[in-house]
Structure formats: structure tokens, C-alpha cells
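So you can see what is in the structure, the chains are spelled out below.
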Amino acid sequence: MALDPSRVGLTAGPTRYAYDWERTTLYALGVGATVNELDYLYEGRGPKVLPTFAVIPSYAALQAAMADAGVSFDNVVHGHQRITLHGPLPPAAELSTTATLTAMYDLKRMAQVVVTTRTVDAAGNALFDTEWGILVLGAGGWGGEPPPGRDGAAPDRAPDFRVTQKTTPEQALLYRHMGDGNPLHADPDFPLVQERFGGRPILHGLCSYGFVGRAIAQAAGGGDPQRIGQMYARFTKPVWPGDTLITEGWVEGDQVRFRTTTAERGEAVLSHGTATLRG
């Protein structure tokens, strides 16, 4: 099924998602939390929920909106991600999410589909919003508008913090248990893995995003993930399981700009990153 620009503006859902502390601690393990971050991993301490967990309950609604737009997940990669939290995420909840196809842009060789979601709790209170930028390979060229430019390059000065995090060779296989079963992250024989990534499955962009959320909470949020109110990043290069992520950040009041590179190749894998901290 071809992309259908006429679907822009339509809403999918609601989808339902219930979770408890076991799910949030599994997520924390999936994005690299260690024994030194017990607040994320032990129910006796809440547990505290990483703000980037917001992408998990909203994923089914994203899939519904993408299907409505004629997108096949056989040929997509993640372009950018934003989360906006309206308060701390509880360690257990029953949630409802709606998704809106907000834009479709023509990049000639590919298309960018933008989906926004809103998630509420059982009482109807808004907990968080997300924005997903999905690149559909080989789907451009219909004469549509290009995406708008976006500022956010790293400042031209030494960073205020630098956090190094090692992923494991099994990282993508663990993160798949969060609900993203795309074979791009597991199967070396999957056509897209063969054609674009040399037969090596890549790490989920959202797994790297979760690692970076932990880094920002540690280095700029005083170790408190609940201080992160918003987080945005572009996924500019692939990460392979086993790579070492180096996140550098520049703190300007309650705003943090960040960039993440790999130690192995020295290239930016998350760029134009911004986060907003609560007081």
C-alpha cells in the first residue's frame, strides 16, 4: 500500500496499555540501568520510572496511525523523537493513547511521517505527549513539501558534562521485549539489514534514546529522572549493539542541549538534542 498524504490530520485509537513495576524495571534494564541505579530497578524504592518509558505505552497507537497512512514497517527507520511529560510517571497505571498523523514530508528518496500522541490515565488526566518522526525509505518523490528546518546544533564551547555508557551485544534482543519486534534489530538475514547495514542488526533508536535519558538525569538532573520534562533528539547514524555511547551536554538554565557519539567510530548518533528540566 502506497503512502496516502490525504490521511494527514486523522486520529487513531485509543489504544490501551496497562503496566506495573515489573514492566518499568524491565524497561530500565533494557536501556542499560545498572545496580548503581537501584531506584529504577527495585520496587522497594518505588520504582522511579524513567521519563523515556513514555514511548512504550504510545507505541501501539503509533503503529495504528502508521498503518492508516499506508506505511509498511518493512522499510522504515526512526528519524526523531520527542517526549513531553506533564508530571512524574507512576510505577503502575492503566493508560489510554490516541495518535494523530500530523504531517507527511517529501524527502525525494524517502518520506518523513510525523505522528503525535497523547496518553491519559484511567481518570482522564494527561500524563505525556510524544512526537515520532519516521523515515519511510523509497517512498518520496510525490512532489510534497520538505520538512521544516530545526535549530539545535551543539554550542561552540566545551560541554558541561560527558557521560560514557557501554551497550552490550545483546542489548537489542533485550530491548525487543518492550514491544518493538522489528527484525531490523534481531535478524541478520532481514532484507533491510542486509541491504543497508552489512548484515548486522542495529540497536533500536529508542534504546539509545533511553540510555541518553539516563545520562541526562544523572549529569544534569541530580540523579532524579523526574526532573526531565521534555526531551528531543534526531537519530542521525545507526548504533550497533556493543557500541559505547558518549553523551556530551551543555546546560543553559533549565535547558540542556546534548549530542551523543560512539567511541568506536566517533560519529554523532543522536544530534540536535534538547531537554527541559523541572525545578
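Residues numbered from 1 in each chain as written. Predicted model: local features only at pLDDT ≥ 70, side-chain atom pairs only at ≥ 80, totals over all residues. Heavy atoms only, no water.

### Brief notes about the overall build of the protein
So the rule is basically this: For helices the rule is a DSSP run of H or I covering at least 4 residues; for strands it is a run of E covering at least 2, with both sets numbered from the N terminus onward. Each radius of gyration reported is based on C-alpha atoms, and the globular scaling rule is 2.2 Å times the count of residues to the power 0.38. Any two residues whose heavy atoms approach within 4.5 Å are treated as being in contact. Each accessible area value is a Shrake-Rupley result obtained with a 1.4 Å probe; residue values ignore everything except the protein chains displayed when judging cover. Residues counted as positive are Lys and Arg, residues counted as negative are Asp and Glu, and His and the chain ends are not counted. Charge placement uses NZ in Lys and CZ in Arg. For Asp and Glu, CG and CD serve respectively.
Counting its secondary structure elements, the protein contains six helices and 10 strands. Over its C-alpha atoms the protein spans a radius of gyration of 18 Å, differing by no more than 12% from the 19 Å that the globule rule assigns to 279 residues. For the C-alpha atoms alone, the extent of the protein along its principal axes is close to 50 × 45 × 40 Å. Sequence separation of 24 or more characterises 71% of the internal contacts of the protein that already satisfy a separation of 6 or more. Accessible surface, the protein as shown: approximately 11900 Å² in total, 50% of it carbon and sulfur. The centroid of the 24 positive side-chain charges in the protein is displaced by 4 Å from the centroid of its 29 negative side-chain charges.

### Structural notes on helix H3 (residues 59-68)
Keep this limit in mind: Partly exposed describes any residue whose relative accessible area lies between the buried limit of under 20% and the exposed limit of over 50%, with all areas from a 1.4 Å probe on protein chains only and scaled to the type maximum. When we speak of the arc, we mean the arc of directions from the helix axis to the C-beta atoms.
Among the residues making up H3, those that are buried are Tyr-59, Ala-61, Leu-62, Ala-65 and Met-66. Down the axis of H3, the smallest arc covering the buried residues is 160 degrees, so these residues share one side. Where H3 is buried, its residues touch strand S1 (11-19), strand S3 (93-106), strand S4 (110-120) and strand S5 (126-137). Of the residues flanking the end of H3, it is Gly-70, one or two places downstream, whose phi is positive at about 85 degrees.

### Observations concerning empty space enclosed by the protein
Test applied: Here a cavity is any set of points on a 1 Å grid over the protein atoms alone where a 1.4 Å probe fits but cannot get out, and a pocket is any open set with protein on both sides within 12 Å along at least 5 of 7 lines; a residue lines the site when it has an atom within 4 Å of a point. Grid points are joined across faces, edges and corners, and a volume is the space filled by probe spheres set on the points. Polar here means any residue outside two lists: the nonpolar Ala, Val, Leu, Ile, Met, Phe, Trp, Tyr, Cys and Pro, and the charged Asp, Glu, Lys and Arg; Gly therefore counts as polar.
Evaluation of the coordinates by the stated rule reveals three cavities of 30 Å³ or more. Taken as a whole, the largest cavity spans an internal volume of roughly 70 Å³. Tallied by class, the residues present in the lining of the largest cavity amount to six nonpolar, one polar and one charged. Together, Val-49, Pro-51, Leu-85, Gly-87, Pro-88, Leu-89, Pro-225, Gln-226, Ile-228 and Arg-278 line the second largest cavity.

### Section: the nonpolar core
Note the threshold: By convention a nonpolar core is built from buried Ala, Val, Leu, Ile, Met, Phe, Trp, Tyr and Cys residues, the set being connected through side-chain atoms within 4.5 Å.
Of all hydrophobic cores here, the largest spans 68 residues; its most connected members are Val-113, Tyr-175 and Tyr-209. Per element, the largest residue contribution to this core is eight residues, and it comes from helix H6 (residues 205-219). Discounting residues that sit within four places of it in the chain, Tyr-209 has contacts with Thr-52, Val-55, Gln-81, Arg-82, Ile-83, Met-231, Tyr-232, Ala-233, Phe-235 and Leu-270. Counting 10 residues, the second-largest nonpolar core is a separate cluster that includes Val-77, Phe-190, Leu-192 and Val-193.

### Re the environment of Arg-227
Within the secondary structure, Arg-227 is located in the loop between H6 and strand S7 (228-235). With relative accessibility at 26%, the residue Arg-227 sits in the partly exposed group. With 197 residues separating them in the primary sequence, Arg-227 and Gly-30 have C-alpha atoms 21 Å apart.

### So, the pattern of salt bridges
Operational definition: Each salt bridge in this description consists of a side-chain nitrogen of Lys or Arg and a carboxyl oxygen of Asp or Glu lying within 4 Å of one another.
All told, the structure shown has 10 salt bridges when counted by the stated rule. Glu-248 is paired through a salt bridge with Arg-259; the nearest N and O atoms lie 3.0 Å apart. A residue pair is termed long-range when its members are at least 10 positions apart, and Glu-248 in strand S8 (residues 244-252) and Arg-259 in strand S9 (residues 255-262) qualify at 11 residues. You can call Glu-248 buried: its relative accessible area is 15%. Linking Glu-267 and Arg-265 is a salt bridge whose minimum nitrogen-to-oxygen distance equals 3.2 Å. For Glu-267, a relative accessible area of 24% puts it in the partly exposed group. Look at Arg-265 and you get partly exposed, because its relative accessible area is 33%. Beyond isolated ion pairs, a larger network of salt bridges with shared partners links Arg-162, Glu-248 and Arg-259.

### Thoughts on helix H1 (residues 21-30)
Here is the rule we go by: Polar contacts, as used here, are pairs of N or O atoms within 3.5 Å; protein pairs need one atom able to donate a hydrogen and one able to accept it. Residues neighboring in sequence count only if both atoms are side-chain atoms.
Taken residue by residue, H1 has Thr-24, Thr-25, Tyr-27, Ala-28 and Gly-30 as its buried positions. On the buried face of H1, the contacting elements are S1, helix H2 (38-41), helix H4 (171-175) and H6. The residue sitting at the N-terminus of H1 and contributing the capping side-chain oxygen is Asp-20; that oxygen lies 3.1 Å from the backbone nitrogen of Glu-22. Downstream of H1 by a residue or two, Gly-32 has a phi angle that is positive, lying close to 90 degrees.

### Structural notes on the layout of surface pockets
Approximately 880 Å³ is the volume attributed to the largest pocket. What lines the largest pocket is a set of 44 residues, among which Val-77, His-78, Gly-79, Leu-135 and Phe-235 lie closest to the centre. When the residues that make up the lining of the largest pocket are grouped by side-chain class, the tally is 27 nonpolar, 11 polar and six charged.

### Here's the deal with the side chain of Glu-131
By the secondary structure assignment, Glu-131 is in strand S5. Within the local environment of Glu-131, its side chain forms a polar contact with the side chain of His-80, the two groups lying 2.8 Å apart. Contacts of Glu-131, omitting those with residues within four sequence positions, involve His-80, Gln-81, Arg-82, Val-114, Val-115, Thr-116 and Arg-150.

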